[in-house]
Amino acid sequence: MPAKKLNLRKRYELLTRGMGWETTYQKMDDVFPYDSFEGIKITDWDKWEDPFRLTMDSYWKFQAEKEKKLYAVIDSFAQNNGQTNLACASYLSAIKLFITGVTPLEYGAHRGFAHLGRHFRGDGARIACQMQAIDELRHAQTQVHTISHYNKHFSGLHDPFHQFDRVWYLSVPKSFIEDAMSSGPFEFITSISFAFEYVLTNLLFVPFMSGAAYNGDMATVTFGFSAQSDESRHMTLGLEIIKFMLEQHEDNLPIIQRWMDKHFWRAYRLLGLVAAMQDYMLTNSPMSWKEAWEVYFVENGGALFEDLSRYGLKMPKYHELATAEADHISHQIWSVFCSLGNATGFHTFLPTEEKMAWLSEKYPDTFDKYYRPRFEYWAEQKKAGTFEYQKGLPQLCQVCQIPMVFTEVQTDPMQISYRVTEHGGDKYHFCSDGCKDIFEHEPEKYVQAWLPVHQIYQGNCGGPTLPEVLDWYKFKPEDSGDYIGSKDYHRWQEWKGADKKVKQA
Amino acid sequence: MSDKKNTVFLILQDNEDARPIIEAVEQDNPDANIQYQPGMVRMEAAGRLLVNRVTVEENLGREWDVQELHLNLISLGGNIDEDEDKFEISWR
Ligand SMILES: [Fe+2]
Ligand SMILES: [Fe+2]
Ligand SMILES: [Zn+2]
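In this convention, every chain numbers its residues from 1, walking through the sequence in written order. Naming scheme: in the order in which they are written, chains are lettered from A and ligands are numbered from 1. In keeping with the model being predicted, local features are shown solely for residues with a pLDDT of at least 70 and side-chain atom pairs are shown and tallied solely at 80 or more, while totals for entire chains, interfaces and linings include all residues. Only hydrogens and water are set aside when side-chain values are computed; all heavy atoms of the structure are taken into account.

(A) Quick look at the overall build of chain B. Think of it this way: any DSSP run of H or I at least four residues long counts as a helix, any run of E at least two long counts as a strand, and we number them from the N terminus. If you tally the helices and strands in chain B, you get two helices and seven strands. For chain B, the spread of C-alpha atoms along the three principal axes comes to 45 × 30 × 20 Å. Residue burial is assigned from relative accessible area. The probe radius is 1.4 Å, only protein chains are included, and a residue is buried under 20% of its type maximum, exposed over 50%, and partly exposed in between. Counting only residues that meet the buried cut, chain B has 57% of its 92 residues in that class. Within chain B, residue pairs in contact and separated by at least 24 positions form 62% of the contacts whose partners lie at least 6 positions apart. Contact definition: two residues touch when any of their heavy atoms are within 4.5 Å.

(B) Region of interest: the coordination of the iron ion (ligand 2). Residue and element names in this part refer to chain A. Surrounding the iron ion (ligand 2) are the protein donor atoms Glu-136 (OE), Glu-197 (OE), Glu-231 (OE), Glu-231 (OE) and His-234 (ND1), at 1.9 to 2.8 Å. For Na, K and Ca the donor cutoff is 3.2 Å, while for all other metals N, O and S atoms count as donors only within 2.8 Å; water does not appear among the atoms, so some sites may look incomplete. Mapped onto the sequence, the residues coordinating the iron ion (ligand 2) show the spacing E-x60-E-x33-E-x2-H. In this structure, the iron ion (ligand 2) is positioned 3.3 Å from the iron ion (ligand 1), and both are ligated by Glu-136. Within this pair, Glu-231 and its partner His-234 are both found in helix 10 (residues 218-248), separated by three residues, close to a single helical turn.

(C) Fine view of the interface of chain A and chain B. Counting residues at the interface gives 40 residues for chain A, matched by 36 residues for chain B. Buried area: the accessible surface (1.4 Å probe) lost by two parts on joining, summed over both. Around 3300 Å² of area is buried between chain A and chain B when both sides are counted, 56% of it from carbon and sulfur atoms. Sorting the residues of chain A by area buried against chain B places A:Phe52, A:Phe62 and A:Phe225 first, and these three jointly supply 17% of that buried surface. One speaks of a salt bridge when a side-chain nitrogen belonging to Lys or Arg is within 4 Å of a carboxyl oxygen belonging to Asp or Glu. Taken together, chain A and chain B are joined by one salt bridge. A salt bridge links B:Asp17 to A:Lys69; the nearest nitrogen and oxygen atoms lie 3.1 Å apart. Counting residues per element, the ones that place at least two in the side of chain A that touches chain B are helix 3 (56-79), helix 9 (185-214), helix 10 and helix 13 (289-308) of chain A. Here the side of chain A that touches chain B is built from residues that sort into 19 nonpolar, ten polar and eleven charged. Gly counts as polar in this scheme, as do all residues outside two lists: the nonpolar Ala, Val, Leu, Ile, Met, Phe, Trp, Tyr, Cys and Pro, and the charged Asp, Glu, Lys and Arg.

(D) Representation of the pattern of salt bridges in the model. All names here are of chain A. All told, the structure shown has 44 salt bridges over all chains when counted by the stated rule. The partner of Arg-419 in a salt bridge is Glu-408, and the shortest N-O contact between them spans 3.0 Å. Of this pair, Arg-419 sits in strand 3 (residues 419-423) while Glu-408 sits in strand 1 (residues 407-408), and the two are eleven residues apart along the sequence. The network of salt bridges with common partners includes Lys-66, Glu-67, Asp-135, Arg-138, Asp-230 and Arg-233.

Fair warning: the whole summary comes from geometry, so function is off the table for now.
Below, the structure written as structure tokens:
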């Protein structure tokens, strides 16, 4: 009689227990040198459990199926010239920001989890990290494959990895992932799996992919949802590791709370780019940043922290400020991009009348009062031919590296939020109390930050003039500037005929 | 803070493969709120949401491995309990 198939629990146990052993030739602490210096106390790694109980054979089977589906869609998209079904070619600014700003994050996550997959002492946690390392590499690769189709037809998609390490606004995601990667393994996983993937990733992928569907970009929808199907597993890993650390020892709580506060704020600041993408770059937005924040952070994040309160974990510090800022940040960040649009690797454009009506409706307390006048003023200037891009380079926050554009939304929304501290005889500037707190806890780390503006002024970025810097970025002349009149714009007009011209102009 | 303090949710792709699962969720969770958004379906409920293997198999007309859920999953919120017969999301 053939042996009865083992149940899920048993199969998972066999995979994840007893694979490791107590080493004798070398001390365990030498074999696993990184998992104790952070102060996290683990007494029993066997308490670790992956609720999905995914075994290696099922993992390969399901991943293979996801890939097969994805590449079938990508092939038919290419054969049918799917790029012509977009709502508008200006929408591709969002994809340009995605491939240069998010895809390298996937690759960074791959490297980080590969490191954890070697260096956690518990075999169950190591296996979960190894699977995630493979997932994240898959995400980076499938995004490059999918978007390479757009690269044949449009500007600004040619050198994402070169640009990630150099471009002024891409230092925002780069510094975020490298902050996590240069931490210990427990802080890395708290940052990426919990603060980013559990608490905030829905705000990146769900409205963005839904937005892609809404704008006729079926290629992005497909790779996005394919990646996102792994993301649920990553989120679950994030929640499990937090509960595991909290259950292992009470001394872990204050450490985790501080990491949570720090990485929530860092990840939230990074998502400011997504806010601009969602409200302004998408031709048609299915949901505003503020609405997404209400659902995915206030409501769903609230339920999560309510559940975790039994361990004594509190909502991340400054979350009330993040909620108050939801009325402002997309407008503020898009304004920065528009005012420096001669130095972006994607096209900028002022919101159309239609878009402004939508923004007024979605942001009744702030858009008409604070932001519409600015966009209308710029529109008048453009019409009169007097518009000029900003001449100087902006001051950057030492921690999040975003130009200092955020304002005191709780007291005076027209006042720039500006914080400063001294360290080693030098002054350091911050966009918020959140970023200042992070610096003050580990100043030795953040004084080393590679701030693009400082680097340009120090002569490390190709030369003293803007064309030299852009050349060093590998931005081609057709990549930057206004969408209207660009190479992308003219190509789109050729495909679509004159009717669309009236609508965009 | 919101009053929906224990909302759990499950988001699946809006496609043919996911339909029998979405219908099963509707059948087994009469109080669930089901929202169709571009490309995706968001199902939410207070406290607990259940995907039952038997119900999915009845809708599908074939055997169904609960882990096939991974193929169409977009996101979820809540603690997970999965075995051969069910996939359950809850906040305690
Ligand atoms: Fe990923
Ligand atoms: Fe991930
Ligand atoms: Zn900052």
